[in-house]
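Here is how the chains run, residue by residue.
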Amino acid sequence: MPLDDAVIETLRSTVRGRLVRPSDSDYDEVRAVWNAMIDRRPGLIIRCTGAADVMRAVDFARDRGVEIAVRGGGHNIAGNAMCDGGIVIDLSSMKSVRIDPWKKTARVEPGVLLGEFDKEAQAFGLATPLGINSTTGVSGLTLGGGFGWLSRKYGLSIDHLISADMVTAEGKLVLASESENPDLFWGLRGGGGNFGVVTSFEFRLHEVGPEVLAGMMFFPFDRAPELLRRYRDVAAGAPEELSCWVVMRQAPPLPFLPESVHGKEILVFPMCYAGDIEAGRKAIEPLKAFGDPIADIIGPMPFTAFQAAFDPLLMPGARNYWKSHDFNVLTDEVIDLSVDFTSRLPTPDCEIFIGHLGGAVKRVPADAMAYPHRDVEFVMNVHTRWGEAAMDEPCTKWAREFFDATAPYATGGVYVNFLNQEGEDRVRAAYGANYGRLVELKNKYDPKNLFRMNQNIRPTR
């Protein structure tokens, strides 16, 4: 059924949120997402203000056979927050964060960004494991699993999800928790947006900060082969409170870096200690022993500041393409290939980063929830970023070649939030042995695949 004026006016009278159409002056602004490679033109954007709006939006689209996309923070690399010609259920205006400092819980709406969540929680010295970029949406991050600086100590975002309110394909609001619809709760924890639209998340919080020991150490790139091997040994024995990652890229013009290295390849070790600051100083001594850094900016700082440390390198408006692998060990071959490909980055904004997991993440059984990759030690993301469409081919080619070269040393699994549109085989790789159970949940909650603008789990009924 077409979205003609009369039909849309009928919808307008039943929702509190604003309807944005292609003829509206801010249409292009509202449909923009973080990845500038995504340029889709929905027929209607419904800017929901609450669960009632979401319910009406789902009913409206389903009854008319119109494609649905769901937007949270709009940060997803694959651009699934937008569709062409269909309806976008835009949750970005749903911004409530309510902290209960006595019970150490948080109730969070799906339009909230990480920085907004952290600001509220850190007012009470509380946090839950989330990502590493403050402009990332809490909703998409959590539904895919969610990991960041606190994950070695506390686990994934989904490990601290207590409950979620969700609007189903039938337009009904249901509660998912360990005691209410536990099968759905299992699937939401890693299964993405395949089963409906989550309108509220309830998280368990932990005492973190408000000040932590964190920062970065920068090294000349000619030391990368040596230091990455030493890093591998340090990471194997690191306490769970310590997360130290790897970034390889060209040095941006930061004020604490000498001009002589600006634009040249560097090796960076960003790190955060989720615990006592003095204990953290002892924990990072093996990393300090690497010696002779270009710059060392590790020290006590607000947790919220470190959570936003990478924001300037990840601003919206650039073209982005990612490829990702999971690893149980960083072999010499992976290290050497990483160094080789970093030496020929296609643009100054491209980078290879390696996140270190393990710790608390590994203590949850692989079948306890939809996210299965509990034994993974390292997650590598080949983050390709550029400005002009003319660079699309060389940038994506570089990322794919590196991905292919390192594939023999990877687990074969992948973190679903790092997937572009890569096909059903890669979606299956994201869920491993849990995929079959997810298909059964899809058959139960969305048998007609109404929610398919995602890393889609196809129903079989």
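Computed from a predicted model, the values in this text were never measured in an experiment.

Caption draft 1: Inspection of the overall build of the protein at higher detail. Within the protein, the regular secondary structure consists of 15 helices and 20 strands. The C-alpha atoms of the protein give a radius of gyration of 22 Å, which matches the 23 Å a tight globule of 461 residues would have. Considering only contacts in the protein between residues 6 or more positions apart, those separated by 24 or more positions represent 73%. Accessible surface, the protein as shown: approximately 17,500 Å² in total, 52% of it carbon and sulfur.

Caption draft 2: Looking closely at the state of the cysteines. Counting across every chain of the model gives 0 disulfides. Here Cys-244 is not cross-linked by a disulfide; its sulfur's nearest cysteine counterpart is in Cys-272, at 11 Å. Free cysteine Cys-395: the closest other cysteine sulfur is in Cys-350, separated by 4.6 Å.

Caption draft 3: Structural detail: the packing of helix H12 (residues 332-342) against helix H13 (residues 392-406). Two numbers describe how H12 lies on H13: the axes approach to 10 Å, and their chain directions differ by 165°. Classified by the interaxial angle, the pair formed by H12 and H13 is roughly antiparallel. Here the hand of the crossing between H12 and H13 comes out right-handed. Where H12 approaches H13, its residues Leu-337, Ser-338 and Phe-341 are matched on the opposing element by Trp-398, Glu-401, Phe-402, Ala-405 and Thr-406.

Caption draft 4: Structural context of helix H4 (residues 114-122). Along H4, the positions that sit buried rather than exposed are Leu-114, Phe-117, Asp-118, Ala-121 and Gln-122. Buried residues of H4 fall within an arc of 115° about the axis and therefore sit on the same side. Contact partners of the buried residues in H4: strand S5 (97-100), strand S6 (105-108), strand S7 (126-127), helix H5 (138-144), strand S10 (197-204) and helix H11 (303-307).

Caption draft 5: Broad picture of the sheet that holds strand S9 (residues 173-177). Spatially, the 5 strands line up as an open sheet ordered S5-S6-S10-S8-S9, and their pairing is antiparallel. Edge positions in the sheet fall to S5 and S9, since each has one partner strand and no second. Going from strand to strand, the sheet's axes swing by 15° on average, the running direction of each strand aside. As defined by bridge partners, S5 adjoins S6 across 4 bridges and the pair is classed as antiparallel. Bridge pairing in S6 places Val-97 opposite Val-108. Those strands touched by H4 are S5, S6 and S10, and its axis lies near 30° from that of S5.

Caption draft 6: A look at the pattern of salt bridges. Scanning the model with the defined rule gives 36 salt bridges in all. Across the pair Glu-401 and Lys-397 runs a salt bridge whose closest N-O atoms are separated by 2.6 Å. Taken together, the residues span about one helical turn, with Glu-401 and Lys-397 both in helix H13 at a distance of 4 residues. When its relative accessible area of 41% is taken as the criterion, Lys-397 is described as partly exposed. As a salt-bridge pair, Arg-458 and Glu-424 come within 3.9 Å of each other at their nearest N and O atoms. Placement of Arg-458 in the segment after helix H15 (435-445) and of Glu-424 in helix H14 (residues 424-431) is noted, with a sequence separation of 34 residues between them. Residues participating in the shared-partner salt-bridge network are Asp-28, Arg-31, Asp-39 and Arg-41.

Caption draft 7: Main features of the sheet that holds strand S2 (residues 44-47). One open sheet holds the 4 strands; their spatial order is S1-S2-S4-S3, and the pairing between them is mixed. Both outer strands of the open sheet, strand S1 (18-20) and strand S3 (68-71), are each paired with one neighbouring strand and no more. Taken over all neighbouring pairs, the strand axes of this sheet differ in orientation by 20° on average, direction set aside. The pairing of S1 with S2 spans 3 bridges and is antiparallel. The residue of S2 that forms the bridge with Leu-19 is Ile-46. Its contacts with the sheet put helix H3 (residues 51-63) on S2, S3 and strand S4 (87-90), and the angle it makes with S4 is roughly 170°.

Caption draft 8: How the structure looks around the nonpolar core. With 80 residues, the main nonpolar core has Val-108, Phe-117, Phe-147, Leu-188, Phe-195, Tyr-431 and Leu-438 as its most contacted residues. When residues in this core are grouped by element, the largest group, 5 residues, is from H15. Those residues in contact with Leu-188 that sit more than four places away from it in its chain are Leu-143, Ala-164, Met-166, Ala-176, Phe-195 and Val-198. Judged by nonpolar contacts, the second largest core, of 46 residues, contains Ala-224, Tyr-321, Phe-378 and Met-380.

Caption draft 9: Region of interest: the pairing of S10. With respect to burial, S10 is a largely interior element, 7 of its 8 residues being buried. With 4 bridges joining them, S6 and S10 adopt antiparallel strand pairing. Its bridge partner being in S10, Thr-105 is matched across the sheet by Arg-204. The pairing of strand S8 (residues 161-167) with S10 spans 6 bridges and is classified as antiparallel. The residue of S10 that forms the bridge with Val-167 is Val-197.

Caption draft 10: Quick peek at the packing of aromatic side chains. Scanning the entire structure with this criterion turns up 23 aromatic pairs. Residues Phe-219 and Phe-269 carry aromatic rings whose centres are separated by 5.9 Å and whose planes lie at 70° to one another, so their mutual orientation is edge-to-face. Of this pair, Phe-219 sits in strand S12 (residues 211-220) while Phe-269 sits in strand S15 (residues 265-273), and the two are 50 residues apart along the sequence. In this structure Phe-269 comes out as buried when scored by relative accessible area, which is 1%. Aromatic rings pair up to connect Trp-34, Phe-147, Trp-149, Trp-245, Phe-306, Phe-310, Trp-322, Phe-353, Tyr-371, Tyr-415 and Phe-418 into one cluster. Taking the ring centre of Phe-341 as reference, the NZ or CZ of Arg-344 above it sits at 4.2 Å.

Conventions adopted
- Sequence order sets the numbering: in each chain, residues are counted from 1 along the sequence as written.
- Given that this is a predicted model, residues contribute local features only at a pLDDT of at least 70 and side-chain atom pairs are listed and counted only at 80 or more, while totals for whole chains, interfaces and linings are drawn from all residues.
- Only hydrogens and water are set aside when side-chain values are computed; all heavy atoms of the structure are taken into account.
- Starting at the N terminus, helices and strands are each numbered in turn, a helix being any DSSP run of H or I of at least four residues and a strand any DSSP run of E of at least two.
- Taken over C-alpha atoms, the radius of gyration is set against a globule rule of 2.2 Å times the number of residues to the power 0.38.
- Whether two residues are in contact is decided by their heavy atoms, any of which lying within 4.5 Å being enough.
- Only the protein chains shown count as covering a residue, and every accessible area follows the Shrake-Rupley method with a 1.4 Å probe.
- Cysteine sulfur atoms are paired as a disulfide whenever they come within 2.5 Å of each other.
- To obtain each axis, a line is fitted to C-alpha atoms, and for helices this fit is confined to the stretch in contact; angles are then taken between N-to-C directions over 0 to 180 degrees.
- Under this scheme an angle from 65 to 115 degrees is roughly perpendicular, one under 35 degrees roughly parallel, and one over 145 degrees roughly antiparallel; angles in between are oblique.
- Handedness of a crossing is defined here by the sense of rotation of the near helix relative to the far one, left-handed for an anticlockwise turn of less than a right angle and right-handed for a clockwise turn.
- The classification of residues rests on relative accessible area computed with a 1.4 Å probe and restricted to protein chains. Under 20% of the type maximum is buried, over 50% is exposed, and intermediate values are partly exposed.
- Taken from the helix axis, the directions to the C-beta atoms give the arc we talk about.
- Being paired, for any two strands, means DSSP has found at least two bridges between them.
- One side-chain nitrogen of Lys or Arg within 4 Å of one carboxyl oxygen of Asp or Glu is enough to make a salt bridge.
- Nonpolar core, defined: a set of buried Ala, Val, Leu, Ile, Met, Phe, Trp, Tyr and Cys residues in which side-chain atoms within 4.5 Å join the residues together.
- Pairing of aromatic side chains here covers Phe, Tyr and the six-membered ring of Trp, requires ring centres within 6.5 Å, and sorts the geometry by plane angle: under 30 degrees stacked, over 60 edge-to-face, intermediate tilted.
- Charges are assigned to positions over rings by a cutoff of 6 Å between ring centre and Lys NZ or Arg CZ, combined with an angular limit of 35 degrees from the ring normal.

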